[in-house]
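Residue strings, one per chain:
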Amino acid sequence: MNTNSAAVRQQASIERTDSHRGAEHTSLTMRLLEQGKLPDTLIRWGIRRYLRQRLRAENQGTPDAQQAHHMRFVAQLKESAIAIETQTANEQHYEVPARFFQHALGPNLKYSCCYYPTGRETLAEAEAAMLQLTVERARIGNGERILELGCGWGSLTLYMAQHFRTSHVTAVSNSRTQREFILQQARARHLTNIEVITCDANVLQFPACQQFDRVVSVEMFEHMRNYQLLLERIASWLKPRGSLFVHIFTHREYAYAFEVRDATDWMAQYFFSGGIMPSDHLLLYFQDHLQIRDHWRVDGRHYAKTAEDWLDNMDRSRAGILPLFAQRYGNEAGKWWNYWRVFFLSCAELWAFDAGREWCVSHYLFEKP
């Protein structure tokens, strides 16, 4: 008995020591990262290592266990608010000065996956290609009332308003600065068929008399939780036979929440609080009010190339970006320069993983019966 107790105490002591060493190693790594002292090759290696750990953690071992795990996640989403951490999302991304995104993104300020049909396109060409693909798959036409949920810096809103002059576009953003930027761009382009609303998705409503022919959403659903309630509301805003087009990033099989469990959950802590990684088939479990009509996948390498182009732009514009970060982050401008670089590196490595076959972008077309 005493021998067994001593062995248990010894094992517990070893585990505490290993845990302490692991925490010290993580703390040192974070300090070096914040100071910009880790080479990109080492950062990329660490990201790929973390992704392999994530895949092992999400694998439940057998098909029946995997499906049961997935159904518990679906049930959890149905019990949640439509969105959580909405103010944090603003602080992490959308209240950063627009000028930063003008340095880092392409000319359309498309802050989402672009499309490289040949792989040789410039970022500007890839932005235009995905915008065109989006309006085609969303079946946008002239003379329609269009609602865009989560409009970002207005790339799709402005594109639709410019190419479909007799349509009216209502754009919704959770960010005041995004609304101001889009309206300024609309005035500069002499576009009068745009309305921009600043509103939290949890409370967004429209009067019964205001209905839309099309609803489109590009990389907003990853910030949502209760798809059941969200799609019910969207259905109430659509005319009969109206459609919803959704563009989201996904994993081919696993759906999971971004949660801060320890210091290694860097993305959840600094850039994606409250977000989820949907699986490619997750939205298909929420068809009570809208029915799926079409479903596409975009190879993850398109997003990897997008993120690499953003990183290249950022590095070339260091002299212009650092004063903006000083304005936004104060004395921590240097740290956040490194954080944003690692964010783009993380995106590039995530979607490039296994030649773009693990994580990808999913497109869906839903229709109101």
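Quantities reported herein were computed from a predicted structural model and do not represent experimental measurements.

A. The overall build of the chain, seen in detail. Looking only at helices and strands, the chain features 13 helices and nine strands. By the burial criterion, 53% of the 369 residues in the chain qualify as buried. At a minimum sequence separation of 6, the contacts of the chain that also span at least 24 residues come to 79%. Total accessible area on the chain is roughly 16,800 Å²; 50% of this is exposed by carbon and sulfur atoms.

B. Representation of the packing of helix α11 (residues 300-316) against helix α12 (residues 318-329) in the model. It is at 5 Å that the axes of α11 and α12 come closest, and there the two elements cross at 85°. Accordingly, the angle class assigned to the pair α11 and α12 is roughly perpendicular. Each of M314, D315 and R316 in α11 lies in contact with α12, whose residues at this interface are R318, I321 and F325. For the contact of α11 with α12, a count of residues per class yields three nonpolar, no polar and three charged.

C. Structural context of the pattern of salt bridges. Applying the stated criterion across every chain, the model contains 18 salt bridges. A salt bridge links E180 to R176; the nearest nitrogen and oxygen atoms lie 3.4 Å apart. Pair noted here: E180 and R176 are both in helix α8 (residues 176-188), with a separation of four residues, about one helical turn. Classification of R176 as partly exposed rests on a relative accessible area of 47%. Between E367 and R293 there is a salt bridge, and its shortest N-O distance comes to 3.2 Å. Here E367, found in strand β9 (residues 359-367), pairs with R293, found in strand β8 (residues 291-298); they are 74 residues apart in sequence, far enough to count as distant.

D. Summary view of the packing of helix α6 (residues 123-137) against helix α7 (residues 155-163). Close contact between α6 and α7 brings their axes to 11 Å; oriented N to C, the two are set at 65°. Looking at the two axes, α6 sits roughly perpendicular to α7. For the element pair α6 and α7, the recorded crossing hand is right-handed. Across from L131, Q132, T134 and V135 in α6, the residues of α7 making contact are S155, L156, Y159 and M160.

E. Fine view of the environment of E222. Residue position: E222 is located in the loop between β4 (212-218) and α9 (227-237). Counting along the chain gives 26 residues from E222 to I248, while the straight-line C-alpha distance between them is 6.5 Å. A polar atom in the side chain of E222 sits 2.7 Å from the backbone nitrogen of F249.

F. The arrangement of the confidence of the model for the chain in detail. Summary statistics for the chain give a mean pLDDT of 89 and a share of 86% for residues scoring 70 or more. When the criterion is pLDDT under 50, residues 12-23 qualifies, and its contacts beyond four places in sequence or with other chains add up to zero contacts.

G. How the structure looks around α11. Taking 1.5 Å per residue as the helical rise, α11 with its 17 residues ought to reach 24 Å, and the 25 Å between its terminal C-alpha atoms agrees with that figure. For α11, the set of buried residues is G300, H302, Y303, A304, T306, A307, D309, W310, L311, N313 and M314. At the N-terminal end of α11, a side-chain oxygen is found 2.7 Å from the backbone nitrogen of R301, two or three residues along, and the residue is D299.

H. Local environment of the sheet that holds strand β2 (residues 168-173). Sheet architecture is open: seven strands sit in the order β3-β2-β1-β4-β5-β9-β8, paired in mixed fashion. In the strand order of this sheet, the two ends are held by β3 (194-198) and β8, each with one partner. Going across the sheet, the axis of each strand differs from the next one's by a mean of 15°, ignoring polarity. Of the strand pairs in this sheet, strand β1 (residues 145-149) and β2 are connected by five bridges, and their pairing is parallel.

I. Spatial organisation of the environment of Q66. As for its placement among the helices and strands, Q66 is situated in helix α3 (residues 63-78). Counting along the chain gives 188 residues from Q66 to Y254, while the straight-line C-alpha distance between them is 8.7 Å.

J. The nonpolar core, seen in detail. Ranked by size, the top nonpolar core spans 56 residues in total, and within it F100, F101, F325, W340, F344 and W359 carry the most contacts. Mapped onto this core, the elements with two or more residues apiece are α1 (2-34), α2 (40-58), α5 (98-104), α6, α11, α12, α13 (333-352) and β9. When residues of this core are assigned to their parent elements, the largest contribution, 13 residues, is made by α13. Among the nonpolar cores identified, the runner-up in size contains 35 residues, and Y227, L231, W237 and I276 belong to it.

K. Fine view of the pairing of strand β5 (residues 238-251). In terms of burial, β5 is a largely internal element, 11 of the 14 residues being buried. With six bridges joining them, β4 and β5 adopt parallel strand pairing. Note that in β5 the partner of R214 across the bridge is S243. Crossover connection from β4 via α9 to parallel β5: handedness right-handed. Direction of pairing for β5 relative to β9: antiparallel, over a ladder of nine bridges. Across the sheet, residue V246 finds its bridge partner in β9, namely Y364.

Reading the values: the criteria
Residues numbered from 1 in each chain as written. Predicted model: local features only at pLDDT ≥ 70, side-chain atom pairs only at ≥ 80, totals over all residues. Heavy atoms only, no water. Helix = DSSP H or I, 4+ residues; strand = E, 2+ residues; numbered from the N terminus. Buried < 20%, exposed > 50% of the residue type's maximum accessible area, 1.4 Å probe, protein only. Contact = heavy atoms within 4.5 Å. Areas by Shrake-Rupley, 256 points an atom, 1.4 Å probe, with all protein chains shown as cover. Axes fitted to C-alpha atoms, helices over the stretch in contact; angles between N-to-C directions. Parallel < 35°, antiparallel > 145°, perpendicular 65-115°, else oblique. Nonpolar A, V, L, I, M, F, W, Y, C, P; charged D, E, K, R; others polar. Salt bridge = Lys/Arg side-chain N within 4 Å of Asp/Glu carboxyl O. Left-handed = near helix turned anticlockwise from the far one by under 90°. Polar contact = N/O pair within 3.5 Å; in protein donor to acceptor, adjacent residues only side chain to side chain. pLDDT = per-residue confidence, 0-100. Expected span 1.5 Å × (residues − 1). Pairing = 2+ DSSP bridges. Core = buried A, V, L, I, M, F, W, Y, C linked by side-chain atoms within 4.5 Å. Right-handed = clockwise from strand over helix to strand, strands pointing away.

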